[in-house]
Amino acid sequence: MKFSFKLLALALGMGSVCALSACHDSPNRTSNDPKTDAATSHSIEIGNTAEPTSLDPHKTSDIPSFNIIRQFLVGLVATDATGKTIPSLAERWESADNKQWTFYLRDANWSDGTPITAQDFVYSLRRLTDPATAAPYASYLADAKVVNADKIIAGTASVDSLGVVAIDDKTLQITLTEPVPYFVDLLVLPATYAVNAKAIEQHGDAWVNPANIVVSGAYKPVEQVVGSHVKLERNSAYFDNEKTTFDTVSFLPIAGVGEISRYQAGEVDITSDVPPEQFEQIKAKHGNELVTMPRLCTAYFEYHNQVAPFDDVRVRQALSLIIDRDIITKDVLKRGEKPAYQFTPSVIAGMSVIEPDWVKDDRVTRIAKAKALLNEAGYNAQNPLKFELLSSSNEIAKNVTVASQAIYKESLDFIDINLSKMEWKALQDNRKQGKYQAVLASWCADYNEPTTFLNIFKTGNENNRSRYHNAAYDALLEQAINTADSTERQKLYAQAEMILQKDAPGTFLYNTVNSRLVKPEIIAESINDPAGGWQVKDWKLKQ
C-alpha cells in the first residue's frame, strides 16, 4: 500500500513548512557578532524544552529536570563528551569481585562550606530507596542488586539495612548480592547523587527552593520563575570552580519555533532542539551553528496494558505492524532519526540488532495481518477501534502523532484515534497515575548498557508506566545480571527484546537525534554525549 503524502501534508498543515515569523531573523536581534551576548557577560541561556517537574533528584525522572540538577549536584562519577564514565566526587574506585565496590572521595565541600562525606551518599541512597520518598527511581538500586534494596522497597527491611556504608568520611562501600560488572556506570544517573541531609531535614520538600538549597556542583539555583526560567549562579565552593567559565546559567522551558526565534534574536545561546519543519532552512542559514548527534533514546507509543483496548495483545501487535516508521523518520522528522523495531537501541554496548520477522513484509501484507488481528479481537467497521493518544504540546510530538493518526486511518479506516495534548508535567503525572490509554513517550539511557532500557518493562519497576508484566521476561533479566560472560549476557538481552516484540507493550517508533543550535563562540563538546550527561561547567568560550 502506498501512503498518501498529500494526506500527510494536510494532516500536518505543512503546505507552508513553517510560519513566516519563525523563518527569518528577528528585527530585535542585537548582533551577529560572536563576541556579543554570552561572550561579554559570561552568562548563558539554554533552551530546556519544558518546565522541570522537580529539582529534587529523588522526585523526578524527566530530562528537563535532570538537565538542571546535573549543574548543581554531582555524583561519584560523571560522563565525558563521548559518554564514557569518569571520576567526579569519587577520585577512584575498586572492586575485586564486582560485588563489593569501594569509592574513595576527593576533598570537596557543600555550598555552605561543610565537607561532603561518604555519609552523605549513605543518606541519599537510603532516601532514594525509602518507600516514604516515593521516588520514580526507587527500584533503581534493587535492579542494580544492592543488598536489601528490594526488601526495603517491599517494606520488609529497614532503610538502614541498605548495602551502602561509610567506612570513614572519605570511603564509601556499596555491596551487591550478585556481581554487576557495569555497576559504576549506573551511578551517572542524577538520582544517585548526594543530597544535603541538613537542608532536607530543616526545610522538607522546600529544600530545593533557592533560599534553602545547599549544593555540591558548579552552580547554585538562585531564582525559579515558573513559565520563564531557572537561573543558577556559580558556586564558589565547588571543588573545581577555577575551571568554570560561565558565571550564570539560565534554563528556559521553551521549544519549537518560539525557541528558534529567540535564538535568532540573541536571547538563547543553545537551543533544546530544532523543529523538523525548520531543519532544512536552519541548516542552510545556520549550518555552522547546527549540531546534530544521535541520542541513546527510543520514542514509542506506550500503551496501558491493563486497560482496554490495550489489555488485548492482538491490538498492540496490530498497531505495531501498521505504523510506517520510514514515513515518520524520513518524511515527518527528516533529521536523521532511525526507525526502531526494538526498545533498546542496537548501538548500546552489549546489544545487537533484533528485528521481528514481519519487517521483511511489504506494507500490504503487514496491514492484512494487522486487520486479521483486529478482526479477531472484535474490531471492524461496525465496531471501530477507538482510543485516546496523549502527547506533550511540543511541535515534534504534534507532528508525530498527527502523522501517525493519518497513517492508521488510511491503512484501516475503522481505527479512530483521538489526539490530546497536555503540558509536560501534567502528562507525566497522568502516566504515573495510570490515567491514559496510549501516550507518545520516549526513554533515554541512564547508562550505556541494555538494562537501562530493558528494566523499564520489568514487573514492579517504578518507571514501568505501561503496567506490563511477563514472568518469563523478568526471569531473563534476572538471569542476565547473574551471567558474568558478556557474550552470553548479550544473548539473554536479545531474547528479552524478542519477548517485547511479541507482547508489544508499546509500539517502538524511532531512535532519536538531538539537533541543537549553538552560538559559534561557545565550545560545548560534552553536548555530544549520546547519553545526554553534559555539564555547563565543561563548556568554554572561544578566545
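Every value quoted in this text rests on a predicted model; they were computed, and no experiment measured them.

As for the domain arrangement of the protein chain
Then comes step 1: For the protein chain, the assigned domains read domain 1 (41-72 + 200-289 + 518-542), domain 2 (74-194) and domain 3 (295-514).
Then comes step 2: Counting residues at the interface gives 30 residues for domain 1, matched by 29 residues for domain 2.
Then comes step 3: Taken together, both faces of the contact between domain 1 and domain 2 bury some 2,300 Å²; the carbon and sulfur share is 60%.
Then comes step 4: By the criterion of area lost to domain 2, the three top residues of domain 1 are His58, Ser216 and Phe239, representing 32% of everything that side buries.
Then comes step 5: At the junction of domain 1 and domain 2, the tally comes to one salt bridge.
Then comes step 6: Between Arg127 and Asp56 there is a salt bridge; the shortest N-O distance is 2.7 Å.
Then comes step 7: For the pair domain 1 and domain 2, the number of links is eight residue pairs in polar contact (both at pLDDT 80 or more).

Quick notes on the packing of aromatic side chains
Then comes step 1: Across all of its chains, the model carries 22 aromatic pairs by this definition.
Then comes step 2: Ring centres of Tyr303 and Phe310 lie 4.3 Å apart, and the angle between their planes is 5°; this geometry places the pair in the stacked category.
Then comes step 3: You can call Phe310 buried: its relative accessible area is 0%.
Then comes step 4: Through pairs of rings, three or more aromatic residues link up here, namely Tyr300, Phe343, Phe453, Phe457, Tyr468, Tyr473 and Phe508.

Quick word on the sheet that holds strand β7 (residues 171-175)
Then comes step 1: Pairing in this open sheet of four strands is antiparallel, and the strands run β4-β5-β7-β6 from one edge to the other. The strands lining the two open edges of the sheet, one partner per strand, are β4 (90-94) and β6 (164-168). With direction set aside, neighbouring strand axes in the sheet form an average angle of 25°.
Then comes step 2: Of the pairings in the sheet, the one linking strand β5 (residues 100-105) to β7 comprises five bridges and is antiparallel in character. Its bridge partner lying in β7, Tyr104 is registered against Thr171.
Then comes step 3: Along the sheet, helix α4 (residues 118-129) contacts β5, β6 and β7; its crossing angle with β6, the most-contacted strand, is approximately 170°.

Quick notes on the rules
Residues numbered from 1 in each chain as written. Predicted model: local features only at pLDDT ≥ 70, side-chain atom pairs only at ≥ 80, totals over all residues. Heavy atoms only, no water. Domains from an automatic or database assignment. Contact = heavy atoms within 4.5 Å. Buried area = accessible area lost by both parts, 1.4 Å probe. Salt bridge = Lys/Arg side-chain N within 4 Å of Asp/Glu carboxyl O. Polar contact = N/O pair within 3.5 Å; in protein donor to acceptor, adjacent residues only side chain to side chain. Phe/Tyr/Trp six-rings, centres within 6.5 Å; stacked < 30°, edge-to-face > 60°. Buried < 20%, exposed > 50% of the residue type's maximum accessible area, 1.4 Å probe, protein only. Pairing = 2+ DSSP bridges. Helix = DSSP H or I, 4+ residues; strand = E, 2+ residues; numbered from the N terminus. Axes fitted to C-alpha atoms, helices over the stretch in contact; angles between N-to-C directions.

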